Amino acid sequence: MADLSNVNLDAASRKELEQFIETEQAQARVQTQVQSLTSMCWDKCVGSISTSFSRNEYSCLSNCVDRFLDTSVFLVKKVEGQRAAAMGQ
């Protein structure tokens, strides 16, 4: 979390800014994860570059993307739950 101790804001504005920064940091972490999983799926599934994917490459990429989407949904729900818990405090 960013150090906001020297910023002259009222408590509500400070909390809003902290939440904004936290959201941006979470989005950056998700984007990093997307890039990592994209690279992993490509390296795992694609043997060589051609004009189209082979049946095996297509199936592998499809399964990899499905697992990625499952993971993404899980992570989003977890972050939303943490955010809701933090706002409830």
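This report concerns the structure included in the present document. Here the structure is a predicted model, which means the values were calculated and not measured. (Residues numbered from 1 in each chain as written. Predicted model: local features only at pLDDT ≥ 70, side-chain atom pairs only at ≥ 80, totals over all residues. Heavy atoms only, no water.)

1. What about the state of the cysteines?
Turning to step 1, where the next piece is worked out: Evaluated as defined, the whole model comprises 2 disulfides.
Turning to step 2, where the next piece is worked out: The residue that forms a disulfide with C41 is C64, at a sulfur-sulfur distance of 1.6 Å. Across the S-S bond of C41 and C64 the torsion is about -80°, and the bridge reads as left-handed. With a gap of 23 residues between them, C41 in helix α1 (residues 11–45) and C64 in helix α2 (residues 55–88) connect regions that are remote in the sequence. For the pair C41 and C64, one class covers both residues: buried.
Turning to step 3, where the next piece is worked out: Paired through a disulfide, C45 and C60 show a sulfur-sulfur distance of 2.0 Å. The sign of the S-S torsion, about -65°, decides the handedness of the disulfide formed by C45 and C60: left-handed. Of the two residues, C45 sits in helix α1 while C60 sits in helix α2, which places them 15 residues apart along the sequence. (Disulfide = S-S within 2.5 Å. Helix = DSSP H or I, 4+ residues; strand = E, 2+ residues; numbered from the N terminus. Buried < 20%, exposed > 50% of the residue type's maximum accessible area, 1.4 Å probe, protein only.)

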